[in-house]
Amino acid sequence: MLKQGIRHFIILLALSLAALPLKAADSDSPAPPASDGTLPGLTAIAGEGMMQSEAYRDLQYLSDYIGPRLTGSPGAKEAIQWSLARMRALGLANVHVEKYQMFRGWTRGFASAELLSPIHRYLKVDSMGWVGSTPENGVTADVTPVNLYQLDQEMKENSSKWAGKVLVMVTRGEAPKDRFQLFVKFGNFLKAAYAAHAAAVIGGQGGSEAAGMDITHTGILGFAAYYPIPVVSMAAEDQEQIERFLDQGKTVSLKINVQNHVTDGPVECANVLGEIRGTQYPEQIVVAGAHLDSWDLAEGSTDNGVGAVAVLDAARAILESGYKPRRTIRFVLYTGEEEGLLGSLAYTKMHQSEMKNHVAALTLDNGQGPVVSLELGGRKDLIPAVEQFTKAVAAFGNLKVSDHAVFDTDTGPFILQGLPGINMGQDSPEYKYTHHSAVDTFDKVKPEILEQDATLMALTAYWIADRPERLAGPWPPQKTAQMLVDQKLDKMLKAIGLWPFGNQDSKQP
Ligand SMILES: [Zn+2]
């Protein structure tokens, strides 16, 4: 009797436990990994990711033996070949490149600057990307300040005095709140400065002063834009001394020599792709991506070597786990990100007919720090489901889930398609120094953080690809447009030529 009673109790207990997940799935709240069937796979992938990682070794190779990977350069081509070989060696399916055209190719020559008056000394400068050159032997010119925070006024009132001058960007008064608008305005200013025959401009990305000690930061000054005026980033110490002289009413003159090469027409570039095919819905696609290209002052380890090797190691961890997802996971290494999201835009264009089958696109591109958030690209509707996942991976940190739409990396083109372009936000306090600078090197990356980030990418991609219910499909354009208006991104997207929704910018009825 007693024995039978216990058996009966166990059967009842088993039945009631089995019933729990069904109940959860029946109700409105989304199922967590513990009851949606993904947990065994996730557990195995976590083990592969954290205990067998090859990400740090890959990053060293990419950093030290391939090095700078400016889109269109021999370094980028070598990185593409290496990625293809890595994807094939891992055993990914359908490994291939997809070619696209970039508006122009650009190669850095050299840049130098020498202060001639009121004292003589050499200055530290580097050319910004996709800008022009001075005459062959450089120019000698007086320096004129331009207030970055009052560009409209400066262009209107002072451009007649810019001919033959080197313009140095200074900041006076209150900073405009919208960083992207400032970036766009700076591009307009560069056109005005060129039209006014200014000799050169001193100012970094968006006109900003260099962050950090004795370093410069290169970068693009518009989306898919070339500016014929030479623009340099100057070490903050040097730029501030020039400002102090100007503030004291001194005449500042310098010799500046910037030599770059730009192609007359477009150049061929390529993205690299490989897949783990889905077992049940192979036509449905979850993208796990990052950009392979970098700037050229250093090795591009933090921007974005980290992301690129994380994509490769995410693929490895999933393959090695032996678990196969229901949907296809497509691993994509983009190029042309640094010149205006060119590779990911080319991807969404080339795969337009397939967009309806895309579920989500993950991107890791916020430097060397640990992932602290999943930003769902406007898809507020997905927060409850994704929070079930982040709770299950709480051992990787307390990940914040938001609907923030991120456009300064390859999430952007997917968001425009109405998809969750998911930015894996990282806490990278040193990124402001390594970003696009000569100190973006392998030594800045900690292996344990890289391995954790790569594992989280694997887990997130696998969970989305394997959960029984499809996480998302693309929103209709009108809904996406409204979300972008609500997030106050429409003006910026129009200004950089990335608004595909026509005049759809007013509130819906
Ligand atoms: Zn990047």
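What you see is a predicted model, and the numbers here were worked out from it, not measured in a lab.

Digging into the domain arrangement of the protein
With domains assigned, the protein is organised as domain 1 (25–103 + 267–475) and domain 2 (106–262). Look at where the C-alpha atoms of domain 1 and domain 2 centre, and you get two points 35 Å apart. Taken together, the contact pairs 21 residues of domain 1 with 21 residues of domain 2. Surface buried jointly by domain 1 and domain 2 totals about 1,500 Å² across both partners, of which 70% is contributed by carbon and sulfur atoms. Three residues stand out in domain 1 for area buried against domain 2, namely Phe103, Trp295 and Leu297, and they jointly supply 32% of the buried area on that side. On the surface where domain 1 and domain 2 come into contact, there are two salt bridges. Arg108 is the partner of Asp296 in a salt bridge, and the nearest nitrogen-oxygen pair spans 2.8 Å. Where domain 1 packs against domain 2, one counts six residue pairs in polar contact (both at pLDDT 80 or more). Residues of the side of domain 1 that touches domain 2, tallied by class, amount to 11 nonpolar, five polar and five charged.

Structural notes on the coordination of the zinc ion
Binding of the zinc ion to the protein goes through His291 (NE2), Asp303 (OD), Asp365 (OD) and Asp365 (OD), at separations of 1.9 to 2.7 Å. Taken together, the four donor atoms coordinating the zinc ion span angles of 51 to 149° at the metal, a pattern that classifies the geometry as irregular. Each donor residue of the zinc ion belongs to the same chain, with the gaps between them written as H-x11-D-x61-D. Taken together, the residues His291 in strand S11 (residues 281–291) and Asp365 in the loop between strand S13 (358–363) and strand S14 (371–375) connect sequence positions 74 residues apart. The burial state of His291 is the same as that of Asp365; both residues are buried.

Section: the packing of helix H3 (residues 39–51) against helix H9 (residues 301–321)
Helix-helix packing: each pair is described by the crossing angle between the helix axes and the interaxial distance. One can describe the packing of H3 onto H9 by two numbers: an axis separation of 8 Å at closest approach and a directional angle of 125°. In this view, H3 runs oblique relative to H9, as classed from their interaxial angle. With respect to the hand of their crossing, H3 and H9 are arranged in right-handed fashion. Along its contact with H3, which presents Ala44, Ile45, Glu48 and Gly49, the element H9 presents Asp313, Arg316, Ala317, Ile318, Glu320 and Ser321. Class assignment of the residues belonging to the contact of H3 with H9 gives a composition of four nonpolar, two polar and four charged.

Looking at the packing of aromatic side chains
Applying the stated criterion across every chain, the model contains 15 aromatic pairs. Measuring from ring centre to ring centre gives 5.1 Å for Phe389 and Trp463, while their planes differ by 20°; the resulting arrangement is stacked. Taken together, the residues span a long stretch of sequence, with Phe389 in helix H11 (residues 383–392) and Trp463 in helix H14 (residues 447–466) at a distance of 74 residues. The pair formed by Phe389 and Trp463 is uniform in burial state, with each residue classed as buried. Considering the side-chain rings of Trp499 and Phe501, the 4.9 Å spacing of their centres and the 80° angle between planes classify their relative orientation as edge-to-face. Just as Trp499 is buried, Phe501 falls in that class too. Taking NZ or CZ as reference, Arg179 lies 5.7 Å from the ring centre of Phe180, over its face.

Here's the deal with the nonpolar core
Grouped together as the largest cluster of nonpolar side chains are 68 residues, with contacts concentrated most on Phe331 and Leu471. In terms of residue count, H14 provides more of this core than any other element does, 11 residues in total. Residues in contact with Phe331, not counting those within four places in the same chain, are Met87, Leu92, Val272, Leu273, Gly274, Ile276, Ala288, Val311, Ala314, Ala315 and Ile318.

Considering the pattern of salt bridges
For the structure shown, the criterion picks out 19 salt bridges. Between Glu243 and Arg172 there is a salt bridge; the shortest N-O distance is 3.6 Å. With Glu243 in helix H8 (residues 236–247) and Arg172 in the loop between strand S6 (166–170) and helix H7 (179–195), this pair connects stretches of sequence that are 71 residues apart. Since its relative accessible area comes to 12%, Glu243 is described here as buried. Under the relative-accessibility criterion, Arg172 is labelled partly exposed at 35%. We note a salt bridge from Asp313 to Arg316, for which the minimum N-O separation is 2.7 Å. Residue Asp313 and its partner Arg316 are both found in helix H9; the two are separated by three residues, about one turn of the helix. The same class applies to Asp313 as to Arg316, namely buried.

Rules of the game
Residues numbered from 1 in each chain as written. Predicted model: local features only at pLDDT ≥ 70, side-chain atom pairs only at ≥ 80, totals over all residues. Heavy atoms only, no water. Domains from an automatic or database assignment. Contact = heavy atoms within 4.5 Å. Buried area = accessible area lost by both parts, 1.4 Å probe. Salt bridge = Lys/Arg side-chain N within 4 Å of Asp/Glu carboxyl O. Polar contact = N/O pair within 3.5 Å; in protein donor to acceptor, adjacent residues only side chain to side chain. Nonpolar A, V, L, I, M, F, W, Y, C, P; charged D, E, K, R; others polar. Donors = N, O, S within 2.8 Å, 3.2 Å for Na, K, Ca; no water. Tetrahedral: all angles 85-135°; square planar, octahedral: opposite > 155°, others 65-115°. Helix = DSSP H or I, 4+ residues; strand = E, 2+ residues; numbered from the N terminus. Buried < 20%, exposed > 50% of the residue type's maximum accessible area, 1.4 Å probe, protein only. Axes fitted to C-alpha atoms, helices over the stretch in contact; angles between N-to-C directions. Parallel < 35°, antiparallel > 145°, perpendicular 65-115°, else oblique. Left-handed = near helix turned anticlockwise from the far one by under 90°. Phe/Tyr/Trp six-rings, centres within 6.5 Å; stacked < 30°, edge-to-face > 60°. Lys NZ or Arg CZ within 6 Å of the ring centre and 35° of its normal. Core = buried A, V, L, I, M, F, W, Y, C linked by side-chain atoms within 4.5 Å.

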